[in-house]
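# Observations on the three-dimensional arrangement
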Amino acid sequence: MELELPENVFLSQIDKLASWVRKNSLWPMPFATACCGIELMATGASKHDIARFGAEVFRFTPRQCDLMIVAGRVTMKMLPVLQRIWQQMPEPKWCISMGACASTGGVFDTYSVVQGIDRFIPVDMYVPGCPPRPEQLIQAVMDLQIKIQKEGTLFGSEFEKKARQESKRALLQLETVTQTPRPAALPIVTNTTV
Amino acid sequence: MQVAPQVFEKLASRFGAQDWSKSESPKSGNIRVIVPAAKVFDYLKFLKEECGFDFLADITAIDYLYYRGARDRFGLVYTLVNLANNDRLVVKCFLNEPDLTVPSAWPLWKGSNWMEREVFDMFGIRFDGHPDLRRILCPQEFVGNPLRKDYPLRGRGERHNFQRLERQQG
Ligand code: SF4
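Presented here is a report on the structure given in the accompanying data block. (Residues numbered from 1 in each chain as written. Chains lettered and ligands numbered in written order. Predicted model: local features only at pLDDT ≥ 70, side-chain atom pairs only at ≥ 80, totals over all residues. Heavy atoms only, no water.)

## Some words on the overall build of chain B
Scanning chain B from N- to C-terminus turns up three helices and seven strands. Mapped in sequence order, the helices and strands of chain B form the string α-β-β-α-β-β-β-β-α-β. Dimensions of chain B, computed from C-alpha atoms along their principal axes, come out at roughly 70 × 35 × 30 Å. By the burial criterion, 44% of the 170 residues in chain B qualify as buried. In chain B, of all internal contacts separated by at least 6 residues, the share reaching a separation of at least 24 is 53%. (Helix = DSSP H or I, 4+ residues; strand = E, 2+ residues; numbered from the N terminus. Buried < 20%, exposed > 50% of the residue type's maximum accessible area, 1.4 Å probe, protein only. Contact = heavy atoms within 4.5 Å.)

Spelled out as structure tokens, the structure:
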């Protein structure tokens, strides 16, 4: 069956449309705790102008944001704050770990600095560098846009799908454990009988 | 760096010449007065009220564990400034475990509040008479004193003692 579409009308999937809308209006939450924050500001300023990618609306309340940019080192005192802010952000949301410190702890291998925020919150993009150039951050935003376009669904059904897959995988692993032949009686047992 | 000689004359006439000693740092040129820990408050009070050292610039401490030739565990350091003639004097006393308590300088300088909290947090030195002796940099539930030399650089696992948030938990 052939349908004649009027001009300026497109056919798409509603999931794809939602992803397309989301990826072009990312609202970053600047979690700038250290020197990387300066580069983050430069990225938002006129020279590098992150507005070209639709991500210029920096909001300082997590309730209005959907992209958390962690720019700088996170200490053990700050981490509960980071987690709370992450939980306060509404779905769908993404996280960019900007710089060596946020991604791995960087040179600060000390008692108080968390060695990579991805140990405690999910991270979508890692930006290497100390600090990364604004171009690198922009590249991360562009890559994240590609990721958003590929992955998202309107109602977040990908989470359920993932949970299903994980439970299936866990089941499979269980079976392999039971199938492995049990080892013969341990030599220690024979020793004790002697 | 120099300090008016009258200050030392006054100190000698008030506390005697044997109670304290004076030295000069070979590197920085700071003039130091080393006093007994039990009397540090009296010295500070005298220096503030009689010798014109009206500004407390800093309080810090040094852990001499593993330090070559050191006889005492902790050095507690007060840096005083005379704002009228810009004299700078370092008042230092030594502390050993288990008695790590000195009187607080809070009645003399309200600004000592946070500096003493920092020394308490980092070294575990207690200040008697401090209005609010809590940790200031580390979280309240933290155990240990990070600037002590026997505290491991990478900590005791505090930095990774958190719950992990998964993607679905958002
Ligand atoms: S990665 Fe470098 S620039 Fe960024 S917060 Fe760490 S030390 Fe600072």
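## Quick word on the interface of chain B and chain A
Between chain B and chain A, the contact holds 24 residues from the first and 25 residues from the second. Between chain B and chain A, a total of about 2,200 Å² is buried, with carbon and sulfur atoms accounting for 56% of that surface. Summed over the three residues of chain B that lose the most area to chain A, namely B:Arg159, B:Leu165 and B:Arg167, the buried surface amounts to 35% of that side. With a shortest N-O distance of 2.6 Å, A:Asp109 and B:Arg154 are connected by a salt bridge. Here chain B is connected to chain A by ten residue pairs in polar contact (both at pLDDT 80 or more). Of the residues that constitute the side of chain B that touches chain A, the class distribution is twelve nonpolar, six polar and six charged. (Buried area = accessible area lost by both parts, 1.4 Å probe. Salt bridge = Lys/Arg side-chain N within 4 Å of Asp/Glu carboxyl O. Polar contact = N/O pair within 3.5 Å; in protein donor to acceptor, adjacent residues only side chain to side chain. Nonpolar A, V, L, I, M, F, W, Y, C, P; charged D, E, K, R; others polar.)

## Notes on the site of the ligand
If you check the shell around the ligand, you find A:Ala34, A:Cys35, A:Cys36, A:Gly72, A:Arg73, A:Ala100, A:Cys101, A:Phe108, A:Gly129, A:Cys130 and A:Pro131 and nothing else. Within the shell around the ligand, the residues separate by chemical class into eight nonpolar, two polar and one charged. (Near = heavy atom within 4 Å.)

## Focus on the side chain of B:Glu158
Here B:Glu158 is to be found in the segment after β7 (126-128). Despite being buried, B:Glu158 has no salt bridge partner; B:Arg156 is the closest side chain of opposite charge, sitting 5.2 Å away. A distance of 2.8 Å separates a polar atom in the side chain of B:Glu158 from a polar atom in the side chain of B:Tyr151. Excluding its chain neighbours within four sequence positions, the residues that come into contact with B:Glu158 are A:Met76, B:Phe142, B:Val143 and B:Tyr151. (Lys, Arg positive; Asp, Glu negative; His and termini not counted.)

## A closer look at the packing of aromatic side chains
Considering all chains together, one arrives at ten aromatic pairs over all chains under this definition. Residues A:Tyr111 and B:Phe142 carry aromatic rings whose centres are separated by 6.1 Å and whose planes lie at 50 degrees to one another, so their mutual orientation is tilted. Of this pair, A:Tyr111 sits in the loop between α4 (99-104) and β4 (125-127) while B:Phe142 sits in the segment after β7, on two different chains. Take A:Tyr111 and B:Phe142: they sit in the same class, and that class is buried. Seen from their ring centres, A:Phe120 and B:Phe162 are 5.6 Å apart, and the 80 degrees between their planes marks the pair as edge-to-face. Of the two residues, A:Phe120 sits in the loop between α4 and β4 while B:Phe162 sits in the segment after β7, which places them in two different chains. Of the residues examined, A:Phe120 reaches a relative accessible area of 4% and is grouped as buried. An aromatic cluster is present here, built from A:Tyr111, B:Phe142 and B:Tyr151 joined pairwise through their rings. (Phe/Tyr/Trp six-rings, centres within 6.5 Å; stacked < 30°, edge-to-face > 60°.)

## Observations concerning the nonpolar core
Membership of the largest hydrophobic core comes to 43 residues, with the highest contact counts inside it found for B:Leu76, B:Tyr78 and B:Ile125. Of all elements in the fold, only α1 (5-15), β2 (31-34), α2 (40-49), β3 (55-63), β4 (74-82), β5 (87-95) and α3 (112-123) of chain B reach the threshold of two or more residues within this core. Here this core takes five residues from α2(B), the largest share from any one element. A:Cys36, A:Ile50, A:Trp94 and A:Ile148 belong to the second-largest nonpolar core, a separate cluster that totals 20 residues. (Core = buried A, V, L, I, M, F, W, Y, C linked by side-chain atoms within 4.5 Å.)

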